[in-house]
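A look at the structure
One letter stands for each residue in the lines below.
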Amino acid sequence: MTDTAEVFHYPGRDGAVLACRSLGEGRPLVLLHGFTATGSQWLNQGPAASLAARGHRVLLPDLRGHGRSAHPRTPAAYPPDVLADDIFALLDALSLTDYDLGGYSLGARIVVRLLARGARPGRAIVAAQGLSVITRAEAGEQSRHILNALANGETLEPDTPDAQAARWITALGNDPQALLHVLDTHVPTPAADLPHIPTPTLVTAGADDPRRTSAQDLAAALPHAEFTVVPGNHITALGTPEFATALASFLAGRSPGPGGVRT
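A short note on the overall build of the chain
Looking only at helices and strands, the chain has 10 helices and 9 strands in total. Taken over C-alpha atoms, the radius of gyration comes to 17 Å for the chain, in line with the 18 Å a tight globule of 263 residues would show. Each principal axis of the C-alpha atoms in the chain carries an extent, and together these give about 50 × 40 × 35 Å. Out of the 263 residues belonging to the chain, those deemed buried represent 53%. By element, 52% of the accessible surface of the chain is carried by carbon and sulfur atoms, the whole surface being about 11,000 Å².

As for helix H6 (residues 141-151)
Every α-helix winds through 3.6 residues per turn, so residues three or four apart in the chain are directed the same way. Those residues of H6 that fall on the buried side of the exposure criterion are Ile-146, Leu-147 and Ala-149. Angularly, the buried residues of H6 cover 155° about the axis, an arc narrow enough to put them on a single face. The inward-facing, buried residues of H6 abut helix H7 (161-171) and helix H8 (176-183).

Some details on the layout of surface pockets
Of the voids in this model, the largest pocket is the one considered here, and its volume is about 1,000 Å³. Around the largest pocket, the lining is made up of 33 residues, and of these Phe-35, Ser-105, Ser-143, His-234 and Ile-235 lie nearest the centre. Listing elements by their share of the lining of the largest pocket, those giving two or more residues are helix H4 (106-116), H6 and H7. Counting residues per element, the lining of the largest pocket draws most heavily on H7, at 6 residues. Within the lining of the largest pocket, the residues separate by chemical class into 15 nonpolar, 12 polar and 6 charged.

Here we look at the nonpolar core
Counting 56 residues, the largest nonpolar core has Tyr-10, Val-30, Ile-110, Leu-114, Val-203 and Leu-218 as its most contacted members. If we ignore the near neighbours within four places in the chain, the residues touching Tyr-10 are Ala-16, Val-17, Leu-18, Ala-19, Cys-20, Pro-61, Asp-86, Ile-87, Ala-89, Leu-90 and Ala-93. One finds Leu-29, Leu-31, Ala-127 and Ala-246 within the second-largest nonpolar core, a separate group that totals 25 residues.

Regarding the packing of aromatic side chains
Geometry of an aromatic ring pair is reported as the spacing of the ring centres plus the angle between the planes. One pass over the structure, following the stated rule, counts 3 aromatic pairs. Centre to centre, the rings of Trp-42 and Tyr-104 are 6.4 Å apart; their planes meet at 90°, and the pair counts as edge-to-face. Placement of Trp-42 in helix H1 (residues 40-44) and of Tyr-104 in strand S5 (residues 100-104) is noted, with a sequence separation of 62 residues between them. Taking relative accessible area as the criterion, Trp-42 reaches 0% and is therefore assigned buried.

As for the pairing of strand S4 (residues 56-61)
Most of S4 sits inside the fold, with 5 of its 6 residues counted as buried. Looking at chain direction, strand S3 (residues 27-32) and S4 are connected through 4 bridges and run parallel. The residue of S4 that forms the bridge with Pro-28 is Arg-57.

What about empty space enclosed by the protein?
Inspection of the entire model under this criterion finds 1 cavity of 30 Å³ or more. As a volume, the largest cavity reaches approximately 80 Å³. Around the largest cavity, the lining residues are Asp-81, Leu-83, Ala-84, Leu-106, Arg-109, Ile-110, Arg-113, Thr-185, His-186 and Val-187. The set of elements that each furnish at least two residues to the lining of the largest cavity consists of helix H3 (82-93) and H4.

Overview of the environment of His-66
In this structure, His-66 sits in the loop between S4 and H3. Remark: the alpha-carbon pair of His-66 and Gly-122, spanning 56 residues in sequence, is separated by 27 Å. When residues no more than four places from it in sequence are discounted, the contact partners of His-66 are His-33, Gly-34, Phe-35, Thr-36, Ala-37, Leu-106, Leu-179 and Val-182. One polar contact links the side chain of His-66 to the main-chain carbonyl oxygen of Arg-64, over a distance of 3.1 Å.

Reading the values: the criteria
- All chains use their own residue numbering, which begins from 1 and follows the written sequence.
- Local features in this predicted model are restricted to residues of pLDDT 70 or higher, and side-chain atom pairs are both shown and tallied only at a pLDDT of 80 or more, whereas totals for entire chains, interfaces and linings draw on every residue.
- Think of the side-chain values as coming from all heavy atoms in the structure, minus any hydrogens and water.
- Counting from the N terminus, the helices are the DSSP runs of H or I reaching at least four residues and the strands are the DSSP runs of E reaching at least two.
- Here the globule rule reads 2.2 Å times residues to the power 0.38, and the radius of gyration is calculated from C-alpha atoms.
- For the exposure calls, accessible area comes from a 1.4 Å probe over protein chains only, and a residue counts as buried if that area is under 20% of its type's maximum, exposed if over 50%, partly exposed in between.
- For every accessible area listed, the method is Shrake-Rupley and the probe measures 1.4 Å; residues are considered covered only by the protein chains on display.
- Think of the arc as the fan of directions from the helix axis to the C-beta atoms.
- Any two residues whose heavy atoms approach within 4.5 Å are treated as being in contact.
- Within this scheme a cavity is a closed region of a 1 Å grid, computed over the protein atoms alone, that accommodates a 1.4 Å probe without allowing it to escape, whereas a pocket is open but has protein on both sides within 12 Å along at least five of seven lines; lining residues each have an atom within 4 Å of a point.
- Grid points are joined across faces, edges and corners, and a volume is the space filled by probe spheres set on the points.
- Each residue gets one of three labels, nonpolar for Ala, Val, Leu, Ile, Met, Phe, Trp, Tyr, Cys and Pro, charged for Asp, Glu, Lys and Arg, and polar for the others, Gly among them.
- Among buried residues, those of type Ala, Val, Leu, Ile, Met, Phe, Trp, Tyr and Cys that are joined through side-chain atoms within 4.5 Å constitute a nonpolar core.
- Only Phe, Tyr and Trp rings take part, Trp by its six-membered ring, and two of them pair if their centres are within 6.5 Å. Stacked means planes under 30 degrees apart, edge-to-face means over 60, and tilted covers everything else.
- The rule for pairing is simple: two strands pair if DSSP sees at least two bridges between them.
- In protein, a polar contact requires one atom able to donate a hydrogen and another able to accept it; more generally it is a pair of N or O atoms within 3.5 Å, and residues adjacent in sequence count only if both atoms are side-chain atoms.

Following this line, the structure appears as structure tokens:
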């Protein structure tokens, strides 16, 4: 699908110029993309267009260090939790108080940070992310290895998963140094904080995603969560019809359907 969404800019926590796509009209739905991707991931590979057609104003920000948003190379521009701070800035810029919120992979981790820090969307979606990543201090160890190689001009062994990931990162025009700083912004959410989150939340993962079991653990830790499995792995689940149906049903106030487990 061609990325034809309207793009606007807004100031991040420190005034950095950040980009956001907008499509559709209706109840605001903020969707956060995965690491090395952009907001258009939800449009080109995911269900953003179908959700917009169902009556949502879908907002797809490019996270700091990604896409059309600012990607400074100085470490000072990437303090802890700045990605969550930037989304709070987006909510403030648009005066959003009644909205829904979702994220995929890195985006899902940010959603949990926002909820733990007091964001109160009507409903939240946490996709392709698990308890083990959210609660630990380190983030993106394998990605860090690949990004260091790219930043230092090192050659990765051809035809390996690392080399394939490096080609993807390069093809998207990413700055590996900026993305290394993004990894350093991660702040863990203690497991003890999760039971205090009051937001109805859909936690979902692909059947072949290594994080599937940990995602179910996350759903069990949240007091108002549903867990559902969709086809696909960590990359492909985003584009499945089942994922789109689960999100649309949940946002409409219905159970995600077959495979959904209420916890």
